[in-house]
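# Structural overview for review
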Amino acid sequence: MEEQTLKISKIKDGTVIDHIPPGKALKVLSILRIDEKDGNSISIGIRVMSKRLGQKDVIKIENRDLEKFEVDKISLIAPDATISIVKNYEITEKFSVDLPQRLVGIVKCSNTNCITNTKEPVVGEFTLLSKHPLQIRCNYCERTMNEKEATASLF
Ligand code: CTP
Ligand code: ZN
């Protein structure tokens, strides 16, 4: 049973990002760098009814695949999102995003004195401390960052 069929139509080809926490869809779109220059058709449901979650956000993007680094970024703000790949109206692949225990090259450390922010060729690396609410710690300087800070300094 599909709870939001009446609100948002099915797509022919593309990607569905479902079970986004209510109100976070626009943040997900900014992660995907979707803006007015983007040519794809996109449907966005904000605070639509969900049997499982009460409310949720959902995004449907036609003719667009997601890269692994994009899915990793999405996992920071929507750790329980499901992603479905649709081909000719059928779901050919469906998976849950996975917030990794180690985040490499996704978030830039907010500590300006951190070695990852100097000229040293060191890529940012964080350890997940908590998923709800998000808390990550830089493996180099031990700075901890919350969801707001982390999503404000994505690579
Ligand atoms: N979907 C779509 N277009 C299609 C097929 C599916 O937009 N051609 C969307 C559905 O609307 C849903 C998501 O892809 O948001 C996953 O589809 P499906 O697994 O059929 O939905 P549910 O059974 O409701 O999944 P869940 O249990 O994950 O909520
Ligand atoms: Zn650091």
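No experiment lies behind these values; they were computed from the predicted model shown.

### Some details on the coordination of the zinc ion (ligand 2)
Taken together, Cys109 (SG), Cys114 (SG), Cys138 (SG) and Cys141 (SG) make up the full set of protein donors to the zinc ion (ligand 2), lying 2.3 to 2.4 Å away. One can describe the site at the zinc ion (ligand 2) as tetrahedral: its four donor atoms subtend angles covering 100 to 114 degrees at the metal. For the zinc ion (ligand 2), the single-chain donor residues occur in sequence as C-x4-C-x23-C-x2-C. One end of the pair, Cys109, is in the loop between β6 (102-104) and β7 (125-130); the other, Cys138, is in strand β8 (residues 135-138), and 29 residues separate them in sequence.

### Quick word on the nonpolar core
Residues Ile17, Val107 and Ile136 are the most contacted members of the largest nonpolar core, which totals 34 residues. Of all the elements in the fold, those that place two or more residues in this core are β1 (14-20), α1 (25-31), β3 (54-62), α2 (68-77), β4 (82-87), β7 and β8. In this structure Val107 touches Leu76, Gly124, Phe126, Ile136, Met145, Ala150, Ser153, Leu154 and Phe155, once residues within four positions along its chain are discounted. In terms of nonpolar packing, the next biggest core, distinct from the first, is built from six residues, Ile8, Ile11, Val48 and Val58 among them.

### Things to note about the site of ligand 1
For ligand 1, the set of nearby residues contains 15 residues, the closest of which are Ile11, Asp18, Lys60, Tyr89 and Lys94. Between ligand 1 and the protein, one listed contact pairs a nitrogen atom with a backbone N or O atom of Ile11 at 2.9 Å. Side-chain polar atom of His19 to an oxygen atom of ligand 1: 3.0 Å apart, as the coordinates give it. Notes on ligand 1: free accessible area 590 Å², of which the protein chains cover 80%. Sorting the residues of the shell around ligand 1 by element identifies β1, β4 and β5 (90-96) as the ones contributing at least two each. Looking at the shell around ligand 1 element by element, the count peaks at three residues for β1. Considered class by class, the residues forming the shell around ligand 1 number six nonpolar, three polar and six charged.

### Digging into α2
Counting buried residues along α2, eight of its ten residues qualify, which places the element largely inside the surrounding structure. If you check which residues of α2 are buried, you get Glu70, Val71, Asp72, Lys73, Ile74, Ser75, Leu76 and Ile77. Each element contacted by the buried residues of α2 is listed here: β1, α1, β4, β5, β6 and α3 (147-152).

### What about the domain arrangement of the protein?
The domain architecture assigned to the protein consists of domain 1 (14-96) and domain 2 (102-152). When each unit is reduced to the centre of its C-alpha atoms, the spacing between domain 1 and domain 2 is 24 Å. The interface of domain 1 with domain 2 comprises nine residues on the first partner and eight residues on the second. Counting the contacts that link domain 1 with domain 2 gives two salt bridges. Between Lys24 and Glu147 there is a salt bridge, with the nearest N and O atoms lying 2.5 Å from each other. Between the two partners, domain 1 and domain 2, sit two residue pairs in polar contact (both at pLDDT 80 or more). Per-element tally for the side of domain 1 that touches domain 2: the top contributor is α2, with five residues.

How each quantity is defined
- Residues numbered from 1 in each chain as written.
- Chains lettered and ligands numbered in written order.
- Predicted model: local features only at pLDDT ≥ 70, side-chain atom pairs only at ≥ 80, totals over all residues.
- Heavy atoms only, no water.
- Donors = N, O, S within 2.8 Å, 3.2 Å for Na, K, Ca; no water.
- Tetrahedral: all angles 85-135°; square planar, octahedral: opposite > 155°, others 65-115°.
- Helix = DSSP H or I, 4+ residues; strand = E, 2+ residues; numbered from the N terminus.
- Core = buried A, V, L, I, M, F, W, Y, C linked by side-chain atoms within 4.5 Å.
- Buried < 20%, exposed > 50% of the residue type's maximum accessible area, 1.4 Å probe, protein only.
- Contact = heavy atoms within 4.5 Å.
- Near = heavy atom within 4 Å.
- Polar contact = N/O pair within 3.5 Å; in protein donor to acceptor, adjacent residues only side chain to side chain.
- Areas by Shrake-Rupley, 256 points an atom, 1.4 Å probe, with all protein chains shown as cover.
- Nonpolar A, V, L, I, M, F, W, Y, C, P; charged D, E, K, R; others polar.
- Domains from an automatic or database assignment.
- Salt bridge = Lys/Arg side-chain N within 4 Å of Asp/Glu carboxyl O.

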